[in-house]
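Chain residues, written in single-letter form:
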Amino acid sequence: MRRTVAATLLASAVLAATAAAPAAGAAPSTLTQINATPYALAEGGSFAKYAPRVTALDAKLANAKVADVLADANRTATAGCHGAASFCWDSGDNSTADWYPQGLSGSWDATGGQPKMVLTSWYNKTGDKGVRLTFADYHDPAHVKYRHALLVEPTAADNFGPVKVHAGGIALVGDYLYVVDTAHGLRVFDLRHIWRTAADPGKSKIGKQSDGKYYAYDYRYVVAQVGSYRQGGSGDCDPPPSSLTAPLCFSYIGVDRSISPPSLLTGEYYNGKAGARLVRWSLAADGKLATGKAAAAYQSPHQNLQGAVSYKGEFASSRSQSASKDGVLYDERVGAAATSSSLPPGPEDLSYDPAAKRVWTLTEHPGSRTVLGVALTLG
């Protein structure tokens, strides 16, 4: 798993470039602002590369909207399985060892224009099918239905393939869905480009086949990648890097709309070691990154972080411990001691709904998987 945390008011971004950093390899005792200058992401012409492919595939496949996918939900969750604001997957999804849930975002992150929903990402642990995205209809919390789709990368004007990343965190910004790519940065998908695909009972076909039809391992909807943001090097957090200037790992991601401009917060997973870096990336009005330069950066005193989100200078982060031991939810500000509370075992990505004053997360271990909103007022 991999994930992210970061935040402070807009003024903190100005201080980030000059803030004193702990010695390389040393973990601070509190959440600490560090120099953001070493961190950058480049779009590298990726949106221009994918645009003609996406346009061509739009003309070749039947198109669907988010509302269409939600209306076609084919699975029923158990609502209220872990408190009022929670739901659990059906028995097959709860127990499968093939797919592991990782990332979470919601319509509250998108700020209007999307139906009330929860989105989650799952990575294919036992094969090469990539990442599936779950659309859960949350307009009625007492009756939650959902459907899985597959994330795909357009490989040509007439074909697509699976997206083979861990997908440890996701963030919905307008129609853009950001998915972390652990070693490299962020992949960007567009919910305005959802395509219907043909039935495949054998669950073995992907992309265009000899019969002229398009398949996606029997997933009936696919969501297209339209761009990416990559760092200069390749990040590796296993083992954790010894230098604060080393390339980042992108393990999780959250949206913060409490500052101007709004931002994404990405973070790292260090197994058994504290000191993960949380980095803030400003967003432009169109939902893309405003600049390739990091707006601010922080170092966490906690280990095994799986998710992080910030709001009005306050940070929440999730820590996993084991499949049989409760996770931890931290609440803190820069320079101040954290408070903590318990989460179910195996907590992953975080997302904050400021209207409901809830931090949302999901758990990954087979047999005890849940999606839940924890009451917490940030800011």
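Scroll up to find the structure this text is about.
Summary of the structure given here. (Residues numbered from 1 in each chain as written. Predicted model: local features only at pLDDT ≥ 70, side-chain atom pairs only at ≥ 80, totals over all residues. Heavy atoms only, no water.)

## A word on the overall build of the protein chain
Now for step 1: Of the regular secondary structure elements, the protein chain holds five helices and 27 strands.
Now for step 2: For 379 residues, the compact-globule estimate of 2.2 N^0.38 gives 21 Å, and the protein chain sits close to it at 19 Å.
Now for step 3: In terms of overall dimensions, the protein chain has C-alpha extents of about 60 × 45 × 35 Å along its principal axes.
Now for step 4: About 13700 Å² of surface is accessible on the protein chain, with carbon and sulfur atoms providing 51% of the total. (Helix = DSSP H or I, 4+ residues; strand = E, 2+ residues; numbered from the N terminus. Rg over C-alpha atoms; globule rule 2.2 N^0.38 Å. Areas by Shrake-Rupley, 256 points an atom, 1.4 Å probe, with all protein chains shown as cover.)

## A word on helix 2 (residues 46–60)
Now for step 1: With 15 residues, helix 2 extends 22 Å from end C-alpha to end C-alpha; this agrees with the ideal 21 Å at 1.5 Å per step.
Now for step 2: Buried residues along helix 2 sit against strand 2 (63–64), strand 9 (145–156), strand 10 (159–162), strand 13 (185–196), strand 15 (214–216) and strand 16 (221–230). (Expected span 1.5 Å × (residues − 1). Contact = heavy atoms within 4.5 Å.)

## Notes on the sheet that holds strand 26 (residues 358–362)
Think of a sheet as strands paired side by side through backbone hydrogen bonds, with each pair either parallel or antiparallel.
Now for step 1: Ordered by their spatial adjacency, five strands build an open sheet running 4-5-27-26-25, and the pairing between neighbours is antiparallel. Single-partner strands in this sheet number two, and they are strand 4 (78–79) and strand 25 (351–353).
Now for step 2: Bridging between strand 5 (residues 86–88) and strand 27 (residues 371–375) involves two bridges; their strand directions are antiparallel. In the sheet register, Ser 86 faces strand 27, and the bridge partner there is Leu 372. (Pairing = 2+ DSSP bridges.)

## Focus on the sheet that holds strand 19 (residues 277–282)
Now for step 1: With respect to topology, five strands assemble into an open sheet ordered 1-20-19-18-17, the strand pairing being antiparallel. Of all strands in the sheet, those bounded by a partner on one side alone are strand 1 (32–34) and strand 17 (252–256). Each neighbouring strand pair of the sheet contributes to a mean axis angle of 25 degrees, computed without reference to strand direction.
Now for step 2: Summarising the sheet, strand 19 and strand 20 (residues 296–299) pair through four bridges and their orientation is antiparallel. Its bridge partner lying in strand 20, Leu 278 is registered against Tyr 298. (Axes fitted to C-alpha atoms, helices over the stretch in contact; angles between N-to-C directions.)

## Some thoughts on the side chain of Glu 332
Now for step 1: Positionally, Glu 332 belongs in strand 23 (residues 327–332).
Now for step 2: Here Glu 332 is buried and forms no salt bridge, its nearest opposite-charge partner Arg 333 lying at an N-O distance of 11 Å.
Now for step 3: A polar contact is formed between the side chain of Glu 332 and the side chain of His 302, at a distance of 3.1 Å.
Now for step 4: Excluding anything up to four places from it in sequence, Glu 332 contacts Leu 31, Pro 301, His 302, Gly 313, Glu 314, Phe 315, Ser 317 and Ala 338. (Buried < 20%, exposed > 50% of the residue type's maximum accessible area, 1.4 Å probe, protein only. Lys, Arg positive; Asp, Glu negative; His and termini not counted. Salt bridge = Lys/Arg side-chain N within 4 Å of Asp/Glu carboxyl O. Polar contact = N/O pair within 3.5 Å; in protein donor to acceptor, adjacent residues only side chain to side chain.)

## Section: the pattern of salt bridges
Now for step 1: Applying the stated rule across the entire model yields 14 salt bridges.
Now for step 2: With a shortest N-O distance of 3.4 Å, Asp 72 and Arg 147 are connected by a salt bridge. On the criterion of sequence distance, the pair formed by Asp 72 in the loop between helix 3 (66–71) and strand 3 (75–76) and Arg 147 in strand 9 is long-range, its members being 75 residues apart.
Now for step 3: Residue classification places Arg 147 among the buried residues on the basis of a relative accessible area of 10%.

## Considering the state of the cysteines
What is meant by a disulfide is a covalent connection between two cysteines, made through their sulfur atoms.
Now for step 1: Applying the stated criterion to the full structure yields two disulfides.
Now for step 2: Across a sulfur-sulfur distance of 2.0 Å, Cys 81 and Cys 88 are joined as a disulfide pair. Here the disulfide of Cys 81 and Cys 88 is right-handed, its torsion about the S-S bond being about 90 degrees.
Now for step 3: Look at Cys 88 and you get buried, because its relative accessible area is 16%.
Now for step 4: Two residues, Cys 237 and Cys 249, share a disulfide whose sulfurs are 2.2 Å apart. Between Cys 237 and Cys 249, the disulfide has an S-S torsion of 120 degrees and is therefore right-handed. With Cys 237 in the loop between strand 16 and strand 17 and Cys 249 in the loop between strand 16 and strand 17, this pair connects stretches of sequence that are 12 residues apart.
Now for step 5: Across the protein chain, the disulfide pattern expressed with sequentially numbered bonded cysteines is 1-2, 3-4. (Disulfide = S-S within 2.5 Å.)

## Comments concerning the environment of Leu 104
Now for step 1: Mapped onto the fold, Leu 104 is located in strand 6 (residues 99–106).
Now for step 2: With relative accessibility at 0%, the residue Leu 104 sits in the buried group.
Now for step 3: Sequence separation of Leu 104 and Arg 358 is 254 residues, and the distance between their C-alpha atoms is 13 Å.

## Focus on the packing of aromatic side chains
Now for step 1: Counted under the stated rule, the structure contains 16 aromatic pairs.
Now for step 2: Seen in terms of ring centroids, Trp 99 and Tyr 219 are 6.0 Å apart; in terms of plane orientation they differ by 85 degrees. Their pairing is edge-to-face. Of this pair, Trp 99 sits in strand 6 while Tyr 219 sits in the loop between strand 15 and strand 16, and the two are 120 residues apart along the sequence.
Now for step 3: Residue Tyr 219 is classed as buried on the basis of its relative accessible area, which comes to 12%.
Now for step 4: Joined through ring pairs, the aromatic side chains of Phe 87, Trp 89, Trp 108, Trp 122, Tyr 138, Tyr 146 and Trp 360 make up one cluster.
Now for step 5: Sitting over the ring of Tyr 176, Arg 192 keeps its end group 5.3 Å from the ring centre. (Phe/Tyr/Trp six-rings, centres within 6.5 Å; stacked < 30°, edge-to-face > 60°. Lys NZ or Arg CZ within 6 Å of the ring centre and 35° of its normal.)

## With respect to the nonpolar core
Now for step 1: With 56 residues, the main nonpolar core has Tyr 39, Phe 87, Tyr 178, Leu 186, Trp 195, Leu 264 and Trp 281 as its most contacted residues.
Now for step 2: Ranked by size, the runner-up nonpolar core spans 24 residues in total, among them Val 163, Ala 167, Ile 170 and Leu 191. (Core = buried A, V, L, I, M, F, W, Y, C linked by side-chain atoms within 4.5 Å.)

## Regarding unusual backbone geometry
Now for step 1: The linkage connecting Asp 238 with the following residue, Pro 239, adopts the cis geometry, with an omega of 10 degrees.
Now for step 2: Looking at the secondary structure, you find Pro 239 in the loop between strand 16 and strand 17.
Now for step 3: Cis rather than trans, the peptide bond between Ser 260 and Pro 261 has omega equal to -5 degrees.
Now for step 4: With respect to the helices and strands, Pro 261 occurs in the loop between strand 17 and strand 18 (263–267).
Now for step 5: Of note, the phi angle at Asp 218 is positive, near 80 degrees, even though the residue is not glycine.
Now for step 6: Of note, Asp 218 is situated in the loop between strand 15 and strand 16.
Now for step 7: Accessibility expressed as a relative area gives 24% for Asp 218, which makes it partly exposed.
Now for step 8: Of note in this structure, Lys 312 is not a glycine but carries a positive phi near 50 degrees.
Now for step 9: Relative to the assigned elements, Lys 312 resides in the loop between strand 21 (305–311) and strand 22 (314–319).
Now for step 10: Classification of Lys 312 as partly exposed rests on a relative accessible area of 41%.

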